[in-house]
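Now for the letters of each chain:
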Amino acid sequence: MEPTIEQLKAFFDFCVRASNLLRDIALVRFDKRTSRIVILIGETIQVEILALLNQGMILVGWASRPP
């Protein structure tokens, strides 16, 4: 299983926005079991890009963890 084009576009857009804020992208991973792209920004922000394959859409969610 590979990321969808929509996921890759959202991933690129999110990475550009994070770098514009001078935030370090610490980790990027594609989870084949859940078809999610996971991005760890710095030590506190985790972003997940999910594919909704039936509708051809994506969902981006993020959470901030205390330092």
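Residues numbered from 1 in each chain as written. Predicted model: local features only at pLDDT ≥ 70, side-chain atom pairs only at ≥ 80, totals over all residues. Heavy atoms only, no water.

Draft legend 1. Region of the structure containing the environment of Ile37. Residue position: Ile37 is located in strand 2 (residues 36-41). Once the C-alpha coordinates of Ile37 and Ala10 are considered, the two residues, 27 residues apart in sequence, prove to be 9.8 Å apart. In contact with Ile37, not counting residues within four places along its chain, are Pro3, Gln7, Phe11, Val28, Arg29, Phe30, Val47, Glu48 and Ile49. (Helix = DSSP H or I, 4+ residues; strand = E, 2+ residues; numbered from the N terminus. Contact = heavy atoms within 4.5 Å.)

Draft legend 2. Representation of the environment of Leu8 within the structure. Turning to its location among the elements, Leu8 is positioned in helix 1 (residues 5-20). Accessibility expressed as a relative area gives 39% for Leu8, which makes it partly exposed. In sequence terms Leu8 and Ile37 are 29 residues apart; their C-alpha atoms lie 8.7 Å from each other. (Buried < 20%, exposed > 50% of the residue type's maximum accessible area, 1.4 Å probe, protein only.)

Draft legend 3. How the structure looks around the pairing of strand 1 (residues 25-31). As judged from the six bridges shared by strand 1 and strand 2, these two strands associate in the antiparallel manner. Counterpart to Phe30 in the pairing with strand 2 is Ile37. Counted between consecutive antiparallel strands, the loop separating strand 1 from strand 2 contains four residues, among which Ser35 sits at a positive phi close to 60°. (Pairing = 2+ DSSP bridges.)

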